[in-house]
Amino acid sequence: MNSIKTLLAQTSPVVGDLKKNIENHLDIVSKAKDEGASLVVFPELSLTGYFLKDSVYDIGININNREDASVLEPIFKASMDLNISIIAGFIEKDEDYNFYNSSLCVADGKIIHVHRKVYLPTYGMFEESRYFKPGGEFGVFDIGGIKISVLTCEDAWHLSSSYIAVNKGAHVIIVNSASPTRGIVKGIDRFSSINMWEELLSVIAFYYKSYVIYVNRVGYEDGIGFSGGSCVFNPSGEMERIMDYLEEGTMKVEINLDVLNIERFKTPLIRDENLNLTMKEIEGILNEKRTS
């Protein structure tokens, strides 16, 4: 059986306190190892908190600068010593002092992938484009023979993101999030924001025949509450497990690629996708927009 045991970490980061958040990550990573997990996934910006505003400048890390990246050494060491992979959110800084809402993927004590959030919401309570530069791709990387792609929060609301990921070979789509609690709808036993997320994740899992792991944070910043509700959907679009809303905690799940193989054989949507036609149509749309 080709599978991976994964611990979902529904945390409440302390905004701006990198040291304290790293300590919390290390405690959870140790627990994940004790529970037999080989991968632990944290929420969006789990190492820094979300509403950082101008302090983004002070807490950004250039992972290509040894001195700058040394602050993350405890994460690298834990990954190596415990033989466990870690996905955590942080603020990345490049050589030109651009800042990114990024996710760090570490295995065997080394960075194997960094995802820079592509779609930066700047509406309502969100103002990410004011502080961050958007990423430019959706990558796929390998952990234990399982191909994974990370989408960060708003990325998942653009279905083209998942489309690109699965056509690049992803078996598992990990959506790490800092989604606030919003709305109460009569007749629904959860927040309307959570209801929208669960419907979206089910669609992605079902139509792209992939596992979808959603890890959302909890806690409060600037009076805004984050809803939690981290969960896993299988390639049939069915929710397998879900964590409590609003509460910190962890949940171990097992991602079994045998289930994915069966679903993709029964309904070969990915196999039959006509990428050439898609490209032709997109080029036509772009040309039309250029000339309009």
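Let us look at the structure shown here. (Residues numbered from 1 in each chain as written. Predicted model: local features only at pLDDT ≥ 70, side-chain atom pairs only at ≥ 80, totals over all residues. Heavy atoms only, no water.)

## As for the overall build of the protein chain
Each helix and strand in the protein chain was counted, giving 10 helices and 14 strands. Taken against the 2.2 N^0.38 rule, which gives 19 Å for 292 residues, the C-alpha radius of gyration of the protein chain at 19 Å falls within 12% of a compact globule. A sequence separation of at least 24 residues applies to 67% of the contacts in the protein chain between residues at least 6 apart. Computed over 29 positive and 41 negative side-chain charges, the inter-centroid distance for the protein chain is 3 Å. (Helix = DSSP H or I, 4+ residues; strand = E, 2+ residues; numbered from the N terminus. Rg over C-alpha atoms; globule rule 2.2 N^0.38 Å. Contact = heavy atoms within 4.5 Å. Lys, Arg positive; Asp, Glu negative; His and termini not counted. Charge placed at Lys NZ, Arg CZ, Asp CG, Glu CD.)

## Observations regarding the sheet that holds strand 7 (residues 146-152)
In space, the six strands of this open sheet follow the order 6-7-8-9-12-13, with mixed pairing throughout. In this open sheet, the two strands that pair with only one neighbour each are strand 6 (141-143) and strand 13 (239-242). Here the strands of the sheet are splayed against their neighbours by 25 degrees on average, with no regard to which way each runs. In terms of strand pairing, strand 6 meets strand 7 through three bridges, oriented antiparallel. Note on strand 7: the bridge partner recorded for I143 is I146. (Pairing = 2+ DSSP bridges. Axes fitted to C-alpha atoms, helices over the stretch in contact; angles between N-to-C directions.)

## Points about empty space enclosed by the protein
Over the atoms rolls a probe the size of a water molecule, and in doing so it shows where empty space is left. Per the counting criterion, the structure on display carries one cavity of 30 Å³ or more. Looking at the largest cavity, its volume works out to about 110 Å³. Lining the largest cavity, in full, are Y50, F51, L52, K53, V56, M125, F126, E127, E128, Y131 and F132. Its residues placed into classes, the lining of the largest cavity shows eight nonpolar, no polar and three charged. (1 Å grid on protein atoms, 1.4 Å probe; cavity = no way out; pocket = protein on both sides within 12 Å on 5 of 7 lines; lining within 4 Å. Points joined across faces, edges and corners; volume = space filled by probe spheres on them. Nonpolar A, V, L, I, M, F, W, Y, C, P; charged D, E, K, R; others polar.)

## Thoughts on the state of the cysteines
By definition, a disulfide is the covalent link that joins the sulfur atoms of two cysteine residues. Overall, the coordinates contain zero disulfides when judged by the stated rule. C231 supplies the cysteine sulfur nearest to C153, a cysteine that is in no disulfide, at a spacing of 13 Å. A relative accessible area of 11% means that C153 is categorised as buried. (Disulfide = S-S within 2.5 Å. Buried < 20%, exposed > 50% of the residue type's maximum accessible area, 1.4 Å probe, protein only.)

## As for the side chain of T48
Residue position: T48 is located in the loop between strand 2 (39-41) and helix 2 (56-59). When its relative accessible area of 1% is taken as the criterion, T48 is described as buried. When neighbours within four sequence positions are excluded, T48 is seen to be in contact with V14, V15, G16, L18, N21, I59, G89, F90 and I91.

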